[in-house]
Amino acid sequence: MKNTCLLSEDSKTYLCCFYQILDEMIQSMTTVGFSQSISHNFIAQMVPHHRAAIQMSNNVLRFTENNAVRRIAQRIIEEQTQGIGQMDEALSICNQLTNPQVDLRLYQRRMDLIYREMYAKMGSAPESNALAAVFMREMIPHHHGAIRMAENALKYDICTELVPILRSIITQQRQGVAQMRALLNRMGCRHT
């Protein structure tokens, strides 16, 4: 953490929890057991990504009274919980579709680049006592990462059950990013 002597105890607690969630998300997303199925691999990595968003949203709800941010966090919890359920339901069917090695390599190479950029941006979001703004600066690259991950998966042969889930991720996350950027602008904050 940077400049922790300037941070309130609530801010320090919030940030410690955020970094723990981020570290757990990175660990879960980078150590999943890959299969010969892009559909399976996407779900295996997106579920911990969604779980982290839920945890991060619950974290900010403990510390902010900003009603707009509270609504954003609650919407994230609802949408990501629903998304996890949909992916869990699709997993057994999606496991059956396998992909050629060349597709698997190209898909995962792109995913690795997306992850690294997302992790770096989330981990380097400015720290301050304005936790509503801090949360949105952390969540924007998280959402942007989900958009790029879904777009990448759609370039390959994936199970038909997964396609509407990916499109929903893209639509919801784009709306979320736009909403958070607009709110940061209204708050007079710079955004990522």
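What comes next concerns the included structure. These numbers come from a predicted model, not from an experiment.

Criteria and thresholds
- Residues numbered from 1 in each chain as written.
- Predicted model: local features only at pLDDT ≥ 70, side-chain atom pairs only at ≥ 80, totals over all residues.
- Heavy atoms only, no water.
- Core = buried A, V, L, I, M, F, W, Y, C linked by side-chain atoms within 4.5 Å.
- Buried < 20%, exposed > 50% of the residue type's maximum accessible area, 1.4 Å probe, protein only.
- Helix = DSSP H or I, 4+ residues; strand = E, 2+ residues; numbered from the N terminus.
- Contact = heavy atoms within 4.5 Å.
- Salt bridge = Lys/Arg side-chain N within 4 Å of Asp/Glu carboxyl O.
- Disulfide = S-S within 2.5 Å.
- Expected span 1.5 Å × (residues − 1).
- Arc of directions from axis to C-beta.
- Axes fitted to C-alpha atoms, helices over the stretch in contact; angles between N-to-C directions.
- Parallel < 35°, antiparallel > 145°, perpendicular 65-115°, else oblique.
- Left-handed = near helix turned anticlockwise from the far one by under 90°.
- Nonpolar A, V, L, I, M, F, W, Y, C, P; charged D, E, K, R; others polar.

### With respect to the nonpolar core
Phase 1 of the analysis: Among the nonpolar cores identified, the biggest contains 66 residues, and Tyr-14, Phe-42, Phe-135, Met-149 and Leu-162 are the most heavily contacted of them.
Phase 2 of the analysis: Those elements that place two or more of their residues in this core are helix H1 (9-30), helix H2 (38-61), helix H3 (67-94), helix H4 (101-123), helix H5 (131-153) and helix H6 (163-186).
Phase 3 of the analysis: Sort the elements by how many residues they give to this core and H5 lands first, with 13 residues.
Phase 4 of the analysis: Not counting chain neighbours up to four residues away, the residues in contact with Met-149 comprise Met-29, Phe-42, Met-46, His-49, Met-111, Ile-114, Tyr-115 and Met-118.

### Description of the pattern of salt bridges
Phase 1 of the analysis: This model, assessed by the stated rule, comprises five salt bridges.
Phase 2 of the analysis: Where Glu-79 meets Arg-75, a salt bridge forms, and the shortest distance between an N and an O atom there is 3.4 Å. Highlighted residues: Glu-79 and Arg-75, both in helix H3, separated by four residues, approximately one helical turn.

### Observations regarding the state of the cysteines
Phase 1 of the analysis: All told, the structure shown has one disulfide when counted by the stated rule.
Phase 2 of the analysis: Paired through a disulfide, Cys-94 and Cys-159 show a sulfur-sulfur distance of 1.8 Å. Judged by the sign of its S-S torsion, about 45°, the bond between Cys-94 and Cys-159 is right-handed. With Cys-94 in helix H3 and Cys-159 in the loop between H5 and H6, this residue pair connects regions lying 65 residues apart in the sequence. Per residue, the accessibility class of Cys-94 equals that of Cys-159, and both read buried.
Phase 3 of the analysis: Free of any disulfide, Cys-16 has its nearest neighbouring cysteine sulfur in Cys-17, separated by 8.7 Å.

### Examining H1
Phase 1 of the analysis: Spanning 22 residues, H1 covers 32 Å between terminal C-alpha atoms, matching the ideal 32 Å at 1.5 Å per step.
Phase 2 of the analysis: By the burial criterion, the buried members of H1 are Ser-11, Tyr-14, Leu-15, Phe-18, Tyr-19, Ile-21, Leu-22, Met-25 and Met-29. Relative to the axis of H1, the buried residues are bounded by an arc of 165° and lie together on one face. Set apart from the buried face of H1 by more than 90 degrees, the exposed residues are Glu-9 and Asp-23.

### Observations concerning the packing of H1 against H5
Phase 1 of the analysis: Close contact between H1 and H5 brings their axes to 11 Å; oriented N to C, the two are set at 15°. In this view, H1 runs roughly parallel relative to H5, as classed from their interaxial angle. With respect to the hand of their crossing, H1 and H5 are arranged in left-handed fashion. The segment H1 lies against H5, with Asp-10, Ser-11, Tyr-14, Leu-15, Phe-18, Met-25 and Met-29 engaging Leu-131, Val-134, Phe-135, Glu-138, His-142 and Met-149.
Phase 2 of the analysis: Considering only residue class, the contact of H1 with H5 consists of nine nonpolar, two polar and two charged.

### So, the side chain of His-50
Phase 1 of the analysis: Relative to the helices and strands, His-50 resides in helix H2.
Phase 2 of the analysis: Excluding anything up to four places from it in sequence, His-50 contacts Gln-80, Gly-83, Ile-84, Met-87 and Ile-169.

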